[in-house]
Amino acid sequence: MEKVMFNGGQRHIYQPGEPIEKYERVPFDKAEVITTEAALEFHPKFADPEKIIFSDVTEFIPDVNAKMMDWWLANMEKGYHAWAPGEHYGFDWIVPPCEVGYEGSVERAYEFDLEHPIVITRQSITKYPFTECYEHCWMGATHLGPADTLLIHMYQDVEGGMYWRSIVVTSKEGVDFVIAHQDEIPLASHMQYESGRLKDFLPPLYRLWKDVPDPWENVQYDLTTVRQPDGTWKHKYDNKPHKNVNL
């Protein structure tokens, strides 16, 4: 039996020789950048002179809350194109959350290069490298060119919405790669587009799906964080498949 591809019915692979059609962005409102958050510091357990915080941006996202974001990060195949139209061209799960839960799930996303996707593996936040964390946190391992890279989204509810902090941790090789390919990989601009679009597509998508009872089709995460005695972090819940916790 052929393995099911969890991609929401999207065409996610362009065939050799097939014309690649690219589209313009849709209009969006830039999210408000928050400049009052303290700088992050590496925990001694994870301090590494080779690692660089390449990007660290906090934004206020209106009309979106942490519960919606937990859900979205488990169900991205349901609306990946709607998140960033014109820059998100395809998505599927190589290892879907409905089979393994949060940790170890693997996505394949077609963004800047429509023939070579970005592959991201969800990481336990026992490997989260900083001393301070928000109330919810998602972390994925990928590559920027040759460089091992961590993508971190942490977020927490505030009045009227949530704070959304996005961090890229890489090495000098990763920074050099992005700079050398900034025309093809406009990383900062793309993340700004994603942030600005969250309020437009996520609340109605979440409302559409929130009461679907099948945990295989409607995966539930709770990515609430807990500080451990040594100052590192973990998730409060294990986020294994088919478990509806704290909902």
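Up top is the structure.
Note that residues are indexed from 1 along each chain, following the sequence as it is written. Residue-level local features of this predicted model are given only where pLDDT is at least 70; pairs of side-chain atoms are given and counted only at 80 or more, and the full residue set underlies all totals for whole chains, interfaces and linings. Side-chain descriptors were evaluated using all non-hydrogen atoms of the structure, hydrogens and water having been removed beforehand.

Asks: So, the overall build of the chain: which residues are in play, and what are the values?
Replies: If you tally the helices and strands in the chain, you get five helices and ten strands. We compute the radius of gyration from the C-alpha atoms alone; for a globule the expected value is 2.2 Å times N to the 0.38, where N is the number of residues. Against the globule reference of 18 Å for 247 residues, the chain gives a C-alpha radius of gyration of 18 Å, in line with a compact fold. A principal-axis box enclosing the C-alpha atoms of the chain has dimensions of 50 × 45 × 40 Å. Residue burial is assigned from relative accessible area. The probe radius is 1.4 Å, only protein chains are included, and a residue is buried under 20% of its type maximum, exposed over 50%, and partly exposed in between. Split into buried and exposed, the 247 residues of the chain put 48% on the buried side. Throughout, a residue-residue contact means that at least one pair of heavy atoms, one from each residue, lies within 4.5 Å. For the chain, long-range pairs separated by at least 24 residues make up 63% of all intrachain contacts whose partners lie at least 6 apart in sequence. For the chain, the computed accessible surface area is about 12300 Å², with 54% contributed by carbon and sulfur atoms. Secondary structure elements follow DSSP: runs of H or I of four or more residues count as helices, runs of E of two or more count as strands, with numbering from the N terminus. Only the protein chains shown count as cover for residues, and all accessible areas are computed by the Shrake-Rupley method using a 1.4 Å probe.

Asks: Help me get a handle on the packing of aromatic side chains, residues and values and all.
Replies: Two aromatic rings from Phe, Tyr or Trp, using only the six-membered ring of Trp, form a pair when their centres are within 6.5 Å; if the ring planes differ by under 30 degrees the pair is stacked, by over 60 it is edge-to-face, and anything between is tilted. Scanning the entire structure with this criterion turns up 13 aromatic pairs. Taken together, a centroid distance of 6.3 Å and an interplanar angle of 20° make the contact between Tyr23 and Tyr89 stacked. In this pair, Tyr23 is assigned in the segment before strand E1 (32-34) and Tyr89 in the loop between helix H2 (80-83) and strand E3 (90-95), connecting sequence segments 66 residues apart. Since its relative accessible area comes to 8%, Tyr89 is described here as buried. Here Phe28 and Tyr193 contribute two aromatic rings whose centre-to-centre distance is 4.9 Å and whose plane-to-plane angle is 55°, an arrangement assigned as tilted. Placement of the pair is Phe28 in the segment before E1 and Tyr193 in helix H5 (residues 187-209), with a sequence separation of 165 residues. Phe28 gets classed as partly exposed once you look at its relative accessible area, which sits at 23%. A residue is classified by how much of its surface remains accessible, and Tyr193, at 0% relative accessible area, is buried. By the ring-pair criterion, three or more aromatic residues cluster together here, those being Trp72, Tyr80, Trp83, Phe91, Trp93 and Phe201.

Asks: Please set out the nonpolar core residue by residue, giving values where relevant.
Replies: Residue types Ala, Val, Leu, Ile, Met, Phe, Trp, Tyr and Cys, when buried and joined through side-chain atoms within 4.5 Å, form a set referred to as a nonpolar core. Counting residues in hydrophobic clusters, the biggest one holds 46 residues, and the most contacted among them are Met69, Trp72, Tyr128, Leu198 and Leu202. Once residues within four sequence positions are removed from consideration, Tyr128 is found in contact with Leu40, Phe46, Cys133, Cys137, Met139, Ile152, Met154 and Trp233. Membership of the second largest hydrophobic core comes to five residues, among which are Leu144, Val168, Val178 and Leu187.

Asks: Tell me about the environment of Val100, residues and numbers included.
Replies: Here Val100 is to be found in helix H3 (residues 97-100). Exposure remark for Val100: the relative accessible area of 30% places this residue in the partly exposed category. Residue contacts for Val100: discarding those within four places in its chain leaves Val95, Ser105, Lys240 and Pro241.

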